[in-house]
Number of protein chains: 2
Amino acid sequence: MILKNVSVDCVIFGFQNDKINVLLWQAQPGLLKKFLTNTQEYEESKEIFDKNPALKSDQFWGLIGTHLPTDDDLDDYAKKILKVATGLKDIFLKQFQTFGSKDRVPHMRVLTVAYYALINPEYHNLELSSIAKSVKWFEIDKLPELIFDSKEIIFRALKTLREEVQYHPVGFHLLPEKFTLTQLQTLYEVILDKQLDTRNFRKKIQNMGLLIDTNEKQTNVAHRAAKLYSFDVKIYNQLKEEGLNFRI
Amino acid sequence: MILKNVSVDCVIFGFQNDKINVLLWQAQPGLLKKFLTNTQEYEESKEIFDKNPALKSDQFWGLIGTHLPTDDDLDDYAKKILKVATGLKDIFLKQFQTFGSKDRVPHMRVLTVAYYALINPEYHNLELSSIAKSVKWFEIDKLPELIFDSKEIIFRALKTLREEVQYHPVGFHLLPEKFTLTQLQTLYEVILDKQLDTRNFRKKIQNMGLLIDTNEKQTNVAHRAAKLYSFDVKIYNQLKEEGLNFRI
DNA sequence: ACAAAAGTGTTACAGATACACCCATGT
DNA sequence: ACATGGGTGTATCTGTAACACTTTTGT
């Protein structure tokens, strides 16, 4: 059984071409089978689908998510959605808001518990995704037509990310395991939508003790090769708890 | 109609006797009428009540809340709960998390969308509450036996408040309209659970431009009377948006 | 040699911390 | 006059902001 009044949606952010991207899908009943493996759950969800023209249209994209099965923990199910959609697990995923306006979905009363996730789409190339072919990255400022209040949810997620990033070092999740300081700086510039001073940024980041010098360098770049860093998971977890002042 | 799988609960924080307090109730079917004015909604909710022994016991207290009526906006309904429980409106109320573990409520699948509110119980004496007699303040470290996962929800709310208070000047909501700097400092000391330096605290607060000197003083105190301040709503709103660094 | 991005240091300023005594009021 | 909490200033330290040139690499 699924809960007809509750859906779980994930706003999956990626960082690509120096832009923030969002992973979206055009949900089709067939795809639901990947999430709702129980036949009855699938049938129930399909029925809801059939009732809602927006969900059957080819024109509209939406957030990746489904109704919540009765027997799944909320947080676990969000992880499952992420896993099926991207093939990835153990990545940053956070519940940030539940949307519950009365008329947000036509003809139905649905609350959506929304999560946002951060992944690096170059590093994680979605090969493992069960629905890779039905899913697409969109730059945050070039979103397609979206169903329901997906757009609002995306921008609330972005706002939450922008706040979060100021006090917690979450931004690292959007980078490959080994990254340059310039990449890191660009990431922060894009998220915060402002220019940062290179020297000051480097000083601040390096003083945090979060970076590990991998002793490797970029190769095949037509300029001085940058050092590659990874970040120290132990110190990251510590700082995450303490609520480091990460304002930049 | 109500949504059988969704409840809305409010963690109502007050500041009294230099302690953080929480407003709780022992829900009884009769009280539900104050919230669920539609007869059918009341009956549905009562039925759920009757099924759950914990809700009928005299021993257990719980968070104030009910199932969500089908025709209410989620946020509006949280406001309504607060209004009925305390008689107050236009006070600080924030959705902070949705709890959705599978077995958090016995025999039923219920997600709880949790909000927390900040009020000053001395100033707002609950006279206007429709259910004042059925409601009681508890000090945060002297909580009674609580139903379901209410305790977890309360402590998650407290954690959220502790984080929030570091970056946004929310603490003001817990004080009377006119307050002394010592009261404000004590409030922060209690919320953050650490001692603060008086001189530095005052300097910091006063530099924020958030305080208005009312030119009044305490009366009938057996020591030098403290100045009373109120706070500047306009600047408050501004700072709230900007995400002021309020670390103390 | 040139283009392109990486990398680096100093000075000035603002905010944070540490710390101890006098002041006003009621009993 | 005394008990109680209110109220204040300064010196030091730490972190932030502003700012321009040299280095490395591939073509």
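Residue numbering note: each chain is counted from 1, following its sequence as written. By the order in which they are written, chains take letters starting at A while ligands take numbers starting at 1. Side-chain atom pairs in this predicted model are given and counted only at pLDDT of 80 or more, local residue features only at pLDDT of at least 70, and totals for whole chains, interfaces and linings cover all residues. The side-chain numbers reported here are obtained from all heavy atoms of the structure, hydrogens and water having been left aside.

### A word on the interface of chain B and chain A
By convention, interface size is frequently given as the accessible area that disappears when the constituent parts associate.
Next up, step 1: Whether two residues touch is decided by their heavy atoms; if any such pair falls within 4.5 Å, the residues are in contact. Taken together, the contact pairs 28 residues of chain B with 28 residues of chain A.
Next up, step 2: For the chain B and chain A pair, buried surface summed over both sides reaches about 2100 Å², with 48% attributable to carbon and sulfur atoms.
Next up, step 3: Polar contact is defined as a pair of N or O atoms within 3.5 Å, subject to the rule that within protein one atom must be able to donate a hydrogen and the other to accept it, and that residues adjacent in sequence are counted only when both atoms are side-chain atoms. For the pair chain B and chain A, the interface holds 11 residue pairs in polar contact (both at pLDDT 80 or more).
Next up, step 4: Put simply, DSSP H or I for four residues or longer makes a helix, DSSP E for two residues or longer makes a strand, and each gets a number counted from the N terminus. Of all the secondary-structure elements, those providing two or more residues to the side of chain B that touches chain A are β1 (2-16), β3 (64-69), β4 (93-99), β5 (111-118), α5 (150-167) and α8 (233-242) of chain B. In short, buried area is how much 1.4 Å probe accessible area vanishes from two parts on joining, totalled over both.

### Some words on the protein's contact with DNA strand D
Next up, step 1: A:Val221, A:Arg224, B:Lys203, B:His223 and B:Lys227 are the nearest of the 21 residues found near DNA strand D.
Next up, step 2: We call a residue near a molecule or strand when any one of its heavy atoms sits within 4 Å of it. Near the protein, within 4 Å, the atoms of DNA strand D are sugar or phosphate in 44% of cases.
Next up, step 3: Here A:Val221 contributes a backbone N or O atom positioned 3.5 Å from a sugar or linking oxygen of DNA strand D.
Next up, step 4: Going through the elements one at a time, α7 (198-207) of chain A together with α7 (198-207) of chain B are the ones with two or more residues in the surface near DNA strand D.
Next up, step 5: The element best represented in the surface near DNA strand D is α7(A), accounting for 4 residues.
Next up, step 6: Gly is put with the polar residues, along with every residue not named as nonpolar or charged; the nonpolar set is Ala, Val, Leu, Ile, Met, Phe, Trp, Tyr, Cys and Pro, and the charged set is Asp, Glu, Lys and Arg. Here the surface near DNA strand D is composed, by residue class, of 6 nonpolar, 4 polar and 11 charged.

### A closer look at the UniProt feature "domain: NrtR DNA-binding winged helix" (unreviewed entry) in chain A
Next up, step 1: UniProt positions are given in the numbering used here, feature names are shortened, and annotations may be inferred rather than shown by experiment. Following the UniProt record, the feature "domain: NrtR DNA-binding winged helix" (unreviewed entry) maps to residues 171-231 of chain A here.
Next up, step 2: As annotated, residues 171-231 of chain A comprises 36% helix and 20% strand, and the C-alpha atoms at either end are separated by 11 Å.

### Overview of the pattern of salt bridges
Residue and element names in this part refer to chain A.
Next up, step 1: Salt bridges are counted wherever a side-chain nitrogen of Lys or Arg sits within 4 Å of a carboxyl oxygen of Asp or Glu. Inspection of the entire model under this criterion finds 16 salt bridges over all chains.
Next up, step 2: The closest approach of N and O atoms between aspartate 149 and arginine 104, which form a salt bridge, is 2.7 Å. Of this pair, aspartate 149 sits in the loop between β6 (135-139) and α5 (150-167) while arginine 104 is found in the loop between β4 (93-99) and β5 (111-119), placing the two residues 45 residues apart along the sequence. Both residues of the pair, aspartate 149 and arginine 104, belong to the buried class. The buried label applies to any residue whose accessible area, calculated with a 1.4 Å probe on protein chains only, is under 20% of its type's maximum; exposed applies above 50%, and partly exposed to all values in between.

### Some thoughts on the nonpolar core
Next up, step 1: Residues A:Ile12 and B:Ile12 are the most contacted members of the largest nonpolar core, which totals 82 residues.
Next up, step 2: Those residues within four positions of B:Ile12 in sequence are excluded, and the remaining contacts are B:Asn21, B:Val22, B:Leu23, B:Ile64, B:Leu82, B:Ala85, B:Thr86, B:Ala117, B:Ile119 and B:Trp137.
Next up, step 3: Of all hydrophobic cores here, the second largest spans 46 residues; its members include A:Ile140, A:Leu158, A:Phe172 and A:Tyr236. Residue types Ala, Val, Leu, Ile, Met, Phe, Trp, Tyr and Cys, when buried and joined through side-chain atoms within 4.5 Å, form a set referred to as a nonpolar core.

### Topic: empty space enclosed by the protein
Next up, step 1: Only protein atoms enter the 1 Å grid, on which a cavity is a set of points fitting a 1.4 Å probe that cannot get out and a pocket is an open set with protein on both sides within 12 Å along at least 5 of 7 lines, lining residues being those with an atom within 4 Å of a point. Grid points are joined across faces, edges and corners, and a volume is the space filled by probe spheres set on the points. Scanning all chains against the criterion turns up 3 cavities of 30 Å³ or more.
Next up, step 2: Estimated volume of the largest cavity: approximately 350 Å³.
Next up, step 3: Lining the largest cavity we find 29 residues, and of these A:Asp9, A:Leu55, A:Gly65, A:Ile147 and A:Phe148 sit closest to its centre.
Next up, step 4: Of all elements in the fold, only β1 (2-16), α2 (39-51), α3 (53-56), β3 (64-69) and α5 of chain A reach the threshold of two or more residues within the lining of the largest cavity.
Next up, step 5: A per-class count over the lining of the largest cavity returns 16 nonpolar, 10 polar and 3 charged.
Next up, step 6: If you add up the space inside the second largest cavity, you get close to 280 Å³.
Next up, step 7: Forming the walls of the second largest cavity are 23 residues, and the residues nearest its centre are B:Ser7, B:Asp9, B:Leu55, B:Gly65 and B:Phe148.

### Some details on helix α4 (residues 74-86) of chain A
Residue and element names in this part refer to chain A.
Next up, step 1: In a regular helix each residue adds 1.5 Å, so 13 residues correspond to 18 Å; α4 covers 18 Å between its end C-alpha atoms and thus fits that length.
Next up, step 2: Every buried residue of α4 is accounted for by Leu74, Tyr77, Ala78, Ile81, Leu82, Val84, Ala85 and Thr86.
Next up, step 3: After α4 finishes, the residue glycine 87 shows a positive phi value of roughly 80 degrees. To estimate how far a helix should reach, multiply one less than its number of residues by 1.5 Å.

### Comments concerning the domain arrangement of chain A
All names here are of chain A.
Next up, step 1: These domain limits were set by an automatic method or by a database of domain assignments. Taken domain by domain, chain A holds domain 1 (2-164) and domain 2 (172-242).
Next up, step 2: One C-alpha centre belongs to domain 1, the other to domain 2; they are set 29 Å apart.
Next up, step 3: Across the contact, 13 residues belong to domain 1 and 13 residues belong to domain 2.
Next up, step 4: Both sides together, the interface formed by domain 1 and domain 2 hides about 1100 Å², and carbon and sulfur atoms give 71% of it.
Next up, step 5: Among the residues domain 1 hides against domain 2, the three largest losses belong to Phe15, Tyr123 and Arg162. Together they make up 46% of the total.
Next up, step 6: Taken together, the links from domain 1 to domain 2 amount to 0 salt bridges.
Next up, step 7: At the boundary of domain 1 and domain 2, one finds 1 residue pair in polar contact (both at pLDDT 80 or more).
Next up, step 8: At the level of secondary structure, the elements contributing two or more residues to the side of domain 1 that touches domain 2 comprise β1, β2 (19-25), β5 and α5.

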